[in-house]
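Take a look at the letters that make up each chain.
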Amino acid sequence: MTIFEDVESEVRSYCRNWPVVFDTAKGARLWDTDGNSYLDFFAGAGALNYGHNPEPLKRKLLEYLSRDGITHGLDMYTTAKGEFLKTFREKILGPRGLDYKVQFPGPTGANAVESALKLARKITGKEAMVNFTNAFHGMTLGALSVTGNSMKRGGAGIPLVHSTPMPFDNYFDGKVPDFLWFEKVLTDTGSSLNEPAAVIVETVQGEGGINPARIEWLQGLADLCKRHDILLIVDDVQMGVGRTGPFFSFEAAGIEPDIVTISKSISGYGLPMALVLIKPEHDVWGPGEHNGTFRGHNPAFVTGTEAIHQFWSDDIERGLLMETSGPQSEVMKILAPLTITDDELDEGLAIVAESVKAVTSGG
Ligand code: PLP
């Protein structure tokens, strides 16, 4: 019997699928104690979107630790937190025309979801929620109450109430018009539906089976919420931070949720961290109303800031205007004026080469 089987609780889960002892990891590979290497197609359940131990983030983290930067600081003002907030506003929110206040709940996705649900209830003064079939939002009681999976719900040990499930996109294989049931029960005073404070949705259901919602379905949902005065919460814990391409998974739909939950890859290094993004007019929290000891882990701020600089900074920064094309925007399209001089051409191509190098080396 190993130390793990001997001492660790039966609640262990992922380790049962991979019964080896892992020791080191880099990029998309892990190594066990016998030196066997494994390709990682799981990436920390979405917490390692930039791979294991990305070099530029590791450098920043080591620098920070070696100068005795604050590690634990409750929610005190720290340079690391200030830098993160500034960078997040300048490089993520600003370029997307988004205006959100940033809340640091506890460091997990479930913490962010709990906080989002509480806040929606406080904003609206209503108790009821709407969730979707096959949704997954975490393992704490509030998060479980909006989660579909019956085994996970069963673990709660108490009735999970205050939420009504609606069919996610394509639940009826396209046979039923979108939101037919949802609109009907909202408008029928005989339906017995409690007026919902908010709808919570994943744009792509990760744990529920990789079910993507169509853009028009998400737009329809945002429109329905607006018409019926229901807050829209997008749970981007798993699909945010680039998992579907853009930073926020809802960008392609052009919708602006009232509240967004983010976690998993936001620190960029697998360090625990979560955010709740709140439209400023909805930031009705009182001081300490959703408190906690680990809300803003400073090393995670450091790596999170560097991840944004490395992977999400504006590409025209290097002084070259260029387009991409192809189904995944994977082709660089050089469409310089035909009258460009040889020197200008050399200058531009050097910038392209520099940019490609920066992206591929993470530097
Ligand atoms: N929300 C979504 C969409 C998730 O996929 C998950 C976890 O997989 C969570 C919330 C819960 O996050 P955590 O496991 O960090 O509590």
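Residues numbered from 1 in each chain as written. Predicted model: local features only at pLDDT ≥ 70, side-chain atom pairs only at ≥ 80, totals over all residues. Heavy atoms only, no water.

**Details of the overall build of the protein**
Secondary structure assignment for the protein yields 12 helices and 14 strands. Its C-alpha radius of gyration of 23 Å places the protein within 12% of the 21 Å reference for a compact globule of 363 residues. Overall, the protein is about 75 × 65 × 45 Å in size when its C-alpha atoms are taken along their principal axes. For the protein, with 363 residues in total, the buried portion stands at 41%. When the 32 positive and 48 negative side-chain charges of the protein are each reduced to one mean point, those points stand 4 Å apart. (Helix = DSSP H or I, 4+ residues; strand = E, 2+ residues; numbered from the N terminus. Rg over C-alpha atoms; globule rule 2.2 N^0.38 Å. Buried < 20%, exposed > 50% of the residue type's maximum accessible area, 1.4 Å probe, protein only. Lys, Arg positive; Asp, Glu negative; His and termini not counted. Charge placed at Lys NZ, Arg CZ, Asp CG, Glu CD.)

**Let's talk about the site of the ligand**
Surveying the vicinity of the ligand reveals the residues Thr108, Gly109, Ala110, Phe136, His137, Gly138, Glu202, Glu207, Asp235, Val237, Gln238 and Lys264. With respect to the ligand, the backbone of Gly109 contributes an N or O atom lying 2.8 Å from an oxygen atom. With respect to the ligand, the side chain of Asp235 contributes an N or O atom lying 2.6 Å from a nitrogen atom. In the complex, 82% of the free accessible area of the ligand, which totals 390 Å², lies under the protein chains. Taken together, the residues that form the shell around the ligand break down as 3 nonpolar, 5 polar and 4 charged. (Near = heavy atom within 4 Å. Polar contact = N/O pair within 3.5 Å; in protein donor to acceptor, adjacent residues only side chain to side chain. Areas by Shrake-Rupley, 256 points an atom, 1.4 Å probe, with all protein chains shown as cover. Nonpolar A, V, L, I, M, F, W, Y, C, P; charged D, E, K, R; others polar.)

**A closer look at the packing of helix α5 (residues 79–93) against helix α11 (residues 298–311)**
Their axes nearest at 8 Å, the elements α5 and α11 cross at an angle of 30°. Regarding the angle of α5 to α11, the classification is roughly parallel. Our pair here, α5 against α11, has a crossing hand that is left-handed. Of α11, the residues touching α5 (which contributes Ala80, Lys81, Glu83, Phe84, Thr87, Phe88, Lys91 and Ile92) are Asn298, Phe301, Val302, Gly304, Thr305, Ile308 and His309. Partitioned by chemical class, the residues of the contact of α5 with α11 number 7 nonpolar, 5 polar and 3 charged. (Axes fitted to C-alpha atoms, helices over the stretch in contact; angles between N-to-C directions. Parallel < 35°, antiparallel > 145°, perpendicular 65-115°, else oblique. Left-handed = near helix turned anticlockwise from the far one by under 90°. Contact = heavy atoms within 4.5 Å.)

**Some details on the pattern of salt bridges**
Scanning the model with the defined rule gives 14 salt bridges in all. Between Asp178 and Arg214 there is a salt bridge whose closest N-O contact spans 2.9 Å. Taken together, the residues Asp178 in the loop between β6 (163–166) and α9 (180–187) and Arg214 in the loop between β9 (211–212) and α10 (215–227) connect sequence positions 36 residues apart. Taking the relative accessible area as the measure of exposure, Asp178 reaches 36% and is therefore partly exposed. The class of Arg214 is partly exposed, set by a relative accessible area of 34%. Taken together, the shared-partner salt bridges connect Asp169, Asp178, Arg214 and Glu216 into one network. (Salt bridge = Lys/Arg side-chain N within 4 Å of Asp/Glu carboxyl O.)

**Looking at the sheet that holds strand β3 (residues 37–39)**
Reading across from one edge, β1-β2-β3 is the order of the 3 strands in this open sheet, with antiparallel pairing throughout. One side of each edge strand has no neighbouring strand; the edge strands of this open sheet are β1 (22–26) and β3. Across this sheet, the average inter-strand angle for adjacent strands is 25°, counted without regard to direction. Of the pairings in the sheet, the one linking β1 to strand β2 (residues 29–32) comprises 4 bridges and is antiparallel in character. Note on β2: the bridge partner recorded for Thr24 is Trp31. (Pairing = 2+ DSSP bridges.)

**Observations concerning the sheet that holds β6**
Strand pairing in a sheet is mediated by backbone hydrogen bonds. Such pairs are either parallel or antiparallel. Within the open sheet, the 7 strands sit side by side as β4-β12-β11-β10-β7-β5-β6. Their pairing is mixed. Only two strands of the sheet have a single partner each, and these edge strands are β4 (101–103) and β6. Taken pair by pair, the neighbouring strands of this sheet meet at an average axis angle of 20°, ignoring direction. Pairing of strand β10 (residues 231–235) with strand β11 (residues 259–262) involves 3 bridges; the strand directions are parallel. Across the sheet, residue Ile233 finds its bridge partner in β11, namely Ile259.

**Some words on a negative patch on the surface**
Where like charges cluster on the molecular surface, the negative patch consists of Asp342, Asp343, Glu344, Asp346 and Glu347. Mapped onto the elements of the fold, Asp346 is located in helix α12 (residues 342–361). (Patch = residues over 30% accessible without salt bridge, like charges linked within 9 Å, V, L, I, M, F, W, Y side chains within 5 Å.)

**What to know about the side chain of Asn298**
On the secondary structure map, Asn298 appears in helix α11. A polar side-chain atom of Asn298 sits 2.5 Å from a polar atom in the side chain of Thr78. Among all residues touching Asn298, those that are not within four sequence positions of it are Tyr64, Ile70, Thr71, His72, Gly73, Thr78, Ala80 and Lys81.

**Comments concerning the environment of Gly292**
Its place among the elements puts Gly292 in the loop between β12 (275–278) and α11. Counting along the chain gives 72 residues from Gly292 to Gly220, while the straight-line C-alpha distance between them is 36 Å.

**Overview of α10**
Note: α-helices contain 3.6 residues per turn, so residues at a spacing of three or four share the same orientation. In a regular helix each residue adds 1.5 Å, so 13 residues correspond to 18 Å; α10 covers 18 Å between its end C-alpha atoms and thus fits that length. Within α10 the residues assigned to the buried category are Trp217, Leu218, Leu221, Ala222, Leu224 and Cys225. For α10, the angular spread of buried residues about the axis comes to 160°, placing them on one side. Lining the buried residues of α10 we find β5 (128–132), α9, β7 (196–201) and β10. Positive phi appears at Asp229, one or two residues downstream of α10, with a value of about 60°. (Expected span 1.5 Å × (residues − 1). Arc of directions from axis to C-beta.)

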